[in-house]
Amino acid sequence: MTEINGGPVLEAVGLRKEFGDLIAVDDVSLRVQPARSVAIVGESGSGKTTIARMIVGLERPTGGTISACGHDRSRPARSLRDRRRRGHEVQIVFQDPYTSLDPRQTGEAAIDEVLRLHHGWPDQRRRERTAELIDLVGLDERQSRSLPRMLSGGQRQRVAIARALAAEPRILILDESVAALDVSIQAQVLNLLADIRDETGVSYVLISHDLAVVRQLTDEVVVLHRGRVVERGPTSQVLDDPQDDYTRRLRASVPRPGWKPVHAVPARPQQEAGSQ
Amino acid sequence: MNEPAAVSATAAAAPAGVAAPLLEIDGLNVRLIVRGALRPVLREVSLTIRPGEALGLVGESGSGKSMTARAIDRLLPRGAEVEGSIRYDGHDVAALSGTGLRRYRNQVAMIFQDPRAHVNPVRRIGDFMTEALRTNLGVPAAEANRRALEMLGQVGIGGGARRLRQHPHELSGGMLQRVTIAAALLTEPRLLLADEPTTALDVTTQAEVMAILDDLRREFGLAMLFITHDLELAAAICDRTAVMYAGQIVEVRSSALLHDDPLHPYTAALAAARPDISRTTARLLAITGRPLSAFEAPSAECAFAPRCGHARDACRAALPELVELDGGLSRCVRVREIRGRLGTPDD
Amino acid sequence: MSTGVPVAVLETERPWMLTSVQSTGLAGIASAAVIAAAALVAVFGPLLAPYNPDLPNLSLAWIGPGGGHLLGFDVQGRDVLSRLLVGARTSMLGPFVVVIVSVVTGVGFAVVAAWRRGAVDAVISSGLDILFAFPGILLAVLATAIFGAGLPAAAIALSIAYMPYIARVLRGAALRERSQPYVAALEVQGASATSICLRHLVPNILPLIVAQATILFGYAMVDLAAISFLGLGVQPPKPDWGVMISENQTGIVQGYPLPALAAGLCIVAVVIAFNVLGERLFERAQAGRG
C-alpha cells in the first residue's frame, strides 16, 4: 500500500466541469480520510458520474483541483509511468457487469494483466497473487478461468472488483457498482465489499442513487443536485435528519415497508423537456 | 401434523360472492428453446386478478415474471411451447385472432421498462398516442387528439398541442414513461400490464410516476399486474403481491401482511437482504448462492431448498404444491411450522 | 437489471475458426470448400497441370475437348485446363495481397481514429472520404502510368482504393468498443494505448474484420480480373484468369466460347464462394455483438 503521512487520501477542491454550455459540476469539494468511505449521492444530471470520471482521469476538470495520496491529479497524466502510479492510487468498478470486462478474457487473465502492469513479478508470484485475489472476492478457480459470458452478473462484478484490487489502490470508486444486481446478489456483494475494506483498509467512494446502499456502506455522504452540493455530513445523520429540501425529497422517495408514493408537489404539468 | 390439501390457486384466491376474475391463469407451463434445447421457463403458474385489483409480481433474474407478462400479452418468442390456460373475461386468450385479438390488446395495455425501446423515434408523440384510437376504434383524428391532450394532463404533462408534435427524444425518460402510460390509458383498457415501468427511472421520478399510476388506476377502476424486482415497491400500490422464484409462484399474499408475516422463506429472505435506509448494520443477511431460472432448478424438489435456512428432507422429497393459508398461498411445505420466524434461519 | 442467468457451460470450447465456418450453414461450408480447393490449386497448380501451359502451337488453336485435353485448346493452341490450374496462382495471389494490405492499413487507420477521437478522427475520416472518391480502375490506370503495367502496380492501386472502405466499416465497430467500460478500466489501470488496442480492441472486432476481408477478396478478384482484362494488370501470355478472358474473347463470337467461359466461370465460382462465406461470417459477427 502507498505510504500516507496523515491527511486525506483523496481531496477535491472546487471541482468544475463544463460541457460546452452545460455546467455538469459546479464547485464541488470533498475529502476522504484514510479508511473512511464517502458516498456521492444524486440522480441523473447531478454530476456524480462526471466527478468519478474526473477523479480517475477519464475526464479533465474545467476547474478546481484533485489530489490522491498527496499527489495532484488535476491535469491528465504526462507519462505512462505517471498513469500507472495513479492507477496504484485510485481504481474504479463500473456499474454494468456486462460491459466492464473484456468478453474475450478470463477473470484470471484480466487480473494477471493488471499485475503485470504494476509489478515486475515472476510468473509464480503473479499466479499466487491472482489466486489470492480470486479467493478474496469469493470466486473459485473454475469461475476465474471462465469467460465472462459464462458468469452471472454478480460473479462478473466480483471479477471486476478483483481486477481493481490487483492494483492495490488506496481508494476504490464504486460507480453504481451494485445497482445492476439482483437484490440477493447485491447483499452478497455489499457484504463482500465490507469484508474487503476490513481486510485491506481501502477507502470507498460510492457513487449511488440508492440511499439504503449508501447507509450500508459509507460513513459520510455528499448530496448532489444539478452539479452542486446541497448537503453533506455523516451518513446516518443526513439520512435520519435531512436538512435540505432535495435531500428530504430523495429520502421520501425510497420504497420501504409501509411506503406509499405521494406526489411531491401537486400534480403540476412539466414544461421543460430537460427536467423529469 | 396434517398438511393442508393442495387447492387450486384460482379457487383459493377468489373468496365467494366477489366478481368473477378478469384474468385467470391456470397451470401455465412455458418452455423455450434455450441453447438448442427446449427448457422450462414457467412452471405451473396460476394467478387470478379481479376487476379493479392490483397484483404485484415480484422476482429476481430468471424468476419468470417478465415471461408471465409476455405470455398474457401473447408476446412469447417463436418456438415457445405453452401448456395451461390464460383466460381473460372468460375467453381463452390463446384462441383469439383477428378482431378478437385486437380488441384484447385494446383491453389489456402493456407498459414496458424502457419506453425508448418501444416507441418509434421518428414518429411524433401525438401519432403514437392516438394510433390505436384512430385505427382500431375508428375515432376521428381531432377527437383522438383532444383525448390525448386530456390524458397527458392527467399524467401531469402540459404544453398543449405543441407537446403532441414533439418527438420522443425531446422528452426525458420520466416524461416519456408518463406518455406511454397516458397512451396505454387512452384505449380504455381494463387491465394494465406494467413490466418494471419505473426501474430505469431516477428514484424521485419513480415516486412521481408510481403516484400517477396509482391515482389513475384507482380513478379508472383498472386492474393491474405490476412487475418488479422491488418488494416494497410492489407492496406500495398493489393490493396483493405474488412472489416468483425459478419460474414458479412461491407465495401470494395481501401486501399489507407481506412484510411482517410472509408465507415463504424466500420472501422473508428477500426482504431481509435489502439494506435498511434507517439503520446501519455491520452486514446484511445475504442469501447464499444465486437466483435460479426454471431450467436450472431441480424439478422434483423445492427450487429454493439449496439456499433455504429452513430446508429439511421433506423439502427435497417432492415439488411442493401451492397451498392456501390465511387468505394467501404458499409453496413451502414447512410454512405452518416455521410461521413467524421465516426470516431467521433454523440453525 | 440483469436479464438472464447463463446456464453452466454445456459445450466445450472449440477453435474459433472452426465454429465460425461451421455455424454458417450448408452454404457457408460449401463456399469454404470451394475456397479451400481454389487455394490448393493456387499453391499446387503447376504440379497438377497435365500439360505445359505456356507453349503455343497455333495448329492446335481452338480445338475442343478430347484426347486427354479436358477443356480443349485456347487461341494460341495451349491446353486450357493447364492454363487454368497454373493461372489460379496469380488470380488468387493478387486479391490476397490486396486484401492483406488494405485490411491491415484500414484497421490501422480505423483504430487510431477511434482511439484518439476528436480532431484526429476528423482528419482521418476526411482523408478517407477523399480517397474513397477514387475508383479502383482509375487508380490502376494511374499506377500503371507510374510503375508500368503488371500485377504489382494493379495490386497497389486496388489496395489504396479499398483501404478507405474497410477503414470506414471498422471505424464504427472500433468506436463502439473504445467506449466500452472495460477499455476505460484498462486506461485507469495505466495500460498503454497500443497495448489496449492490440490486445483488447482489435481482438474484439476480429470477427468483423475477417468477415469484411472475406467479402473484399471477392471484389478484389473481380476488379483485378477486369484490370488484367484491360491489359493493365497481369500481362499476357501469363496464364491469369482475367488475361485468359481477354485473350480468348474473339473465340466467343467465332463459335469457340469454351476457353473464355471456363476462365470466367472460375472467377465467378470463387467470387461467389467468398461473397457467400463473407456474408455469413458478417451476419455472425453482427449477431455476436448483440
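So, how was this worked out
- Residues numbered from 1 in each chain as written.
- Chains lettered and ligands numbered in written order.
- Predicted model: local features only at pLDDT ≥ 70, side-chain atom pairs only at ≥ 80, totals over all residues.
- Contact = placed C-beta atoms within 7 Å.
- Helix = DSSP H or I, 4+ residues; strand = E, 2+ residues; numbered from the N terminus.
- Nonpolar A, V, L, I, M, F, W, Y, C, P; charged D, E, K, R; others polar.
- Pairing = 2+ DSSP bridges.
- Axes fitted to C-alpha atoms, helices over the stretch in contact; angles between N-to-C directions.
- pLDDT = per-residue confidence, 0-100.
- Expected span 1.5 Å × (residues − 1).
- Bend = angle between axes of the 7 residues up to and from the residue.
- Buried ≥ 20, exposed ≤ 12 C-beta atoms within 10 Å, placed from the backbone.

Student: An account of the interface of chain A and chain C is needed here, citing residue identities and associated values.
Tutor: At the interface, 28 residues of chain A touch 19 residues of chain C. Those elements that provide at least two residues to the side of chain A that touches chain C are helix 2 (80–89), strand 6 (90–93) and helix 3 (107–118) of chain A. Here the side of chain A that touches chain C gets 5 residues from one element, more than from any other, and that element is helix 2 of chain A.

Student: Requested: an account of the interface of chain B and chain A, with residues and values cited.
Tutor: Taken together, the 44 residues of chain B in the interface contact 44 residues of chain A. Considering each element in turn, the side of chain B that touches chain A owes the most residues, 9 residues, to helix 9 (residues 203–220) of chain B. For the side of chain B that touches chain A, a count of residues per class yields 18 nonpolar, 15 polar and 11 charged.

Student: Describe the sheet that holds strand 8 (residues 203–208) of chain A, with residues and values.
Tutor: All names here are of chain A. Taken in spatial order, the 6 strands make up an open sheet running 6-7-8-3-9-10, and their pairing is mixed. The open sheet is flanked by strand 6 and strand 10 (228–234), the only strands paired with a single partner. Neighbour-to-neighbour, the strand axes of the sheet open up by a mean angle of 15°, direction not taken into account. Contacts between helix 1 (residues 48–56) and the sheet are confined to strand 3 (38–41), strand 6, strand 7 (171–175), strand 8 and strand 9 (220–225), with strand 7 contributing the most and set at about 150° to the helix.

Student: Got a sec to walk through the confidence of the model for chain C? Specific residues and values, please.
Tutor: Residue and element names in this part refer to chain C. Summing up the model confidence of chain C, the mean pLDDT is 86 and the portion of residues at 70 or higher is 91%. Per-element confidence in chain C is highest for helix 7 (residues 181–189), whose mean pLDDT is 94, and lowest for helix 1 (residues 16–22), whose mean pLDDT is 59. Across the assembled chains, the prediction reports ipTM 0.87 with pTM 0.86.

Student: Got a sec to walk through helix 9 (residues 241–254) of chain C? Specific residues and values, please.
Tutor: All names here are of chain C. The terminal C-alpha atoms of helix 9, which comprises 14 residues, lie 20 Å apart, in line with the 20 Å expected from a rise of 1.5 Å per residue. Of all the bends in helix 9, the greatest measures close to 50° and is centred on Asn248. Of the residues making up helix 9, those classed as buried are Trp241, Gly242, Val243, Met244, Ile245, Ser246, Glu247 and Asn248. Where helix 9 ends, the next residue or the one after it, Gly255, has phi of about 100°, a positive value.

Student: Provide a residue-level description of the confidence of the model for chain A, including the pertinent values.
Tutor: Here chain A averages 90 in pLDDT, and 93% of its residues register 70 or above. Segment residues 266–276 of chain A: pLDDT under 50, and 25 contacts once partners within four positions in sequence are set aside and those in other chains are kept.

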